[in-house]
Amino acid sequence: MPLDETLARVDADLAAGRVPLARQRLRGLVGSYPWDLTLRRRLAEVYRLYGDAAEAGRWTYLEEDRAPEETAAFERRYVSARWRMKALAWRGPEALAATAFAAERLAEVREACAAEVGRPVDWDEPVPFDEDGEGLPDEGGRSGCVVVTVGAFLGGTVMAGIWLKGLLSLFE
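Because the structure is predicted, anything quoted here is derived from the model rather than measured.

Some details on the side chain of Asp 52
Right, on to step 1. By the secondary structure assignment, Asp 52 is in the loop between helix H3 (37-50) and helix H4 (53-59).
Right, on to step 2. A polar contact of 3.4 Å, which involves the side chain of Asp 52, links it to the backbone nitrogen of Ala 54.
Right, on to step 3. Not counting chain neighbours up to four residues away, the residues in contact with Asp 52 comprise Tyr 47 and Arg 77.

Examining the packing of helix H1 (residues 3-15) against helix H2 (residues 19-32)
Packed helix pairs are specified by the crossing angle of their axes together with the interaxial distance, meaning the distance between the axes.
Right, on to step 1. Closest axis-to-axis distance for the H1/H2 pair is 8 Å, and the angle between their directions is 160 degrees. On the basis of the axis angle, H1 is roughly antiparallel to H2. Considering how the two elements wind past one another, H1 and H2 form a crossing that is left-handed. Mapping the contact onto sequence places Leu 3, Thr 6, Leu 7, Arg 9, Val 10, Asp 13 and Leu 14 in H1 and Val 19, Leu 21, Ala 22, Arg 25, Leu 26 and Leu 29 in H2.
Right, on to step 2. Among the residues forming the contact of H1 with H2, the class breakdown is nine nonpolar, one polar and three charged.

Some words on the pattern of salt bridges
Right, on to step 1. Under the criterion given, the structure shown has 15 salt bridges.
Right, on to step 2. In this structure, Asp 11 engages Arg 42 in a salt bridge whose closest nitrogen and oxygen atoms are separated by 2.4 Å. In this pair, Asp 11 is assigned in helix H1 and Arg 42 in helix H3, connecting sequence segments 31 residues apart.
Right, on to step 3. Close ionic contact of Arg 119 with Glu 125 constitutes a salt bridge, the shortest N to O distance being 2.7 Å.
Right, on to step 4. It is possible to trace a salt-bridge network through shared partners that takes in Asp 52, Glu 55, Arg 58 and Arg 77.

Reading the values: the criteria
Residues numbered from 1 in each chain as written. Predicted model: local features only at pLDDT ≥ 70, side-chain atom pairs only at ≥ 80, totals over all residues. Heavy atoms only, no water. Helix = DSSP H or I, 4+ residues; strand = E, 2+ residues; numbered from the N terminus. Polar contact = N/O pair within 3.5 Å; in protein donor to acceptor, adjacent residues only side chain to side chain. Contact = heavy atoms within 4.5 Å. Axes fitted to C-alpha atoms, helices over the stretch in contact; angles between N-to-C directions. Parallel < 35°, antiparallel > 145°, perpendicular 65-115°, else oblique. Left-handed = near helix turned anticlockwise from the far one by under 90°. Nonpolar A, V, L, I, M, F, W, Y, C, P; charged D, E, K, R; others polar. Salt bridge = Lys/Arg side-chain N within 4 Å of Asp/Glu carboxyl O.

In structure tokens, the structure reads:
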């Protein structure tokens, strides 16, 4: 589907309140046109509708006039340069960047990633990740998992108690 037609559908989706569909279409466009900063900015706007500062910062990371709090949220979520490099979803050399600032930013991330892995890296080659999970994006991590597990256990225990009380009341 042509770019203009897809953008028209994104606009229609947003007007109709179909934000997840608009986000999905924009993610596809950014994947197809990674050097188009306008598409990245539009995707950031959609993530702002969700209140996701880290993802908004991810998609405006190459912009000179980005919001500092969103950039900081992105950098906190993607602590490792390897994950930042992957998250930026760039393909090709930095020379394809629309602005000198974007090219500098891309080069900084690539060089930081190369320093982490101890060898030169390229935007088009896969970057190795730690098997122990170091440098993984922080999306709640283990503490979030513990909270969910404890909540599920407590909810299940309460439900079992209610069921058991109901069963015993049948025999009284």
